[in-house]
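Descriptive analysis of the structure
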Amino acid sequence: MDLGKDRGLIPMTKTEMKCLRLCAEGQTDQEIGAGLQLTANEVASVLSVVMLKLRVPNRMAGLAKAARLGLLGPFK
């Protein structure tokens, strides 16, 4: 799976990608954490790292950029 290596992005882990996709679906940090066996604070930390890797200032910008780059995939 291409996680952005050819686009000049820092590659993301599977957990980072899962958190990003679940965030894009509208789930809260608590909901994401419950599904991934993480605390809400751990999810927030993971998503902060994702935003750094995407080089954006916040989650909204990160979700928009991830969508433009095709990182989110199709939603069910």
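Going by the structure above, here's the rest.
Here the residue numbering is sequential within each chain, running from 1 through the sequence in written order. This being a predicted model, a pLDDT of at least 70 is required before a residue's local features are given, and a value of 80 or more before pairs of side-chain atoms are given or counted; all residues contribute to the totals for chains, interfaces and linings. The basis for every side-chain value is the complete set of non-hydrogen atoms in the structure, without hydrogens or water.

With that settled, consider the side chain of K53. Strands here are runs of E lasting at least two residues and helices are runs of H or I lasting at least four, both read from the DSSP assignment and numbered beginning at the N terminus. Within the secondary structure, K53 is located in helix α3 (residues 40-54). Three exposure classes are used, based on accessible area relative to the maximum for each residue type with a 1.4 Å probe and protein chains only: buried under 20%, partly exposed in between, and exposed over 50%. With a relative accessible area of 15%, K53 lands in the buried category. Residue contacts are counted whenever heavy atoms from the two residues lie within 4.5 Å of one another. Not counting residues within four places of it along the chain, the set of residues in contact with K53 comprises L9, I10, P11, M12, T13 and E16.

Here we take up unusual backbone geometry. One non-glycine residue with positive phi stands out, namely Q37, at about 60°. Its identity is not glycine, yet R55 carries a phi of approximately 60°, on the positive side. Note on placement: R55 falls in the loop between α3 and α4 (59-68). Owing to a relative accessible area of 56%, R55 belongs among the exposed residues under this scheme.

In short, geometric facts, not functional conclusions.
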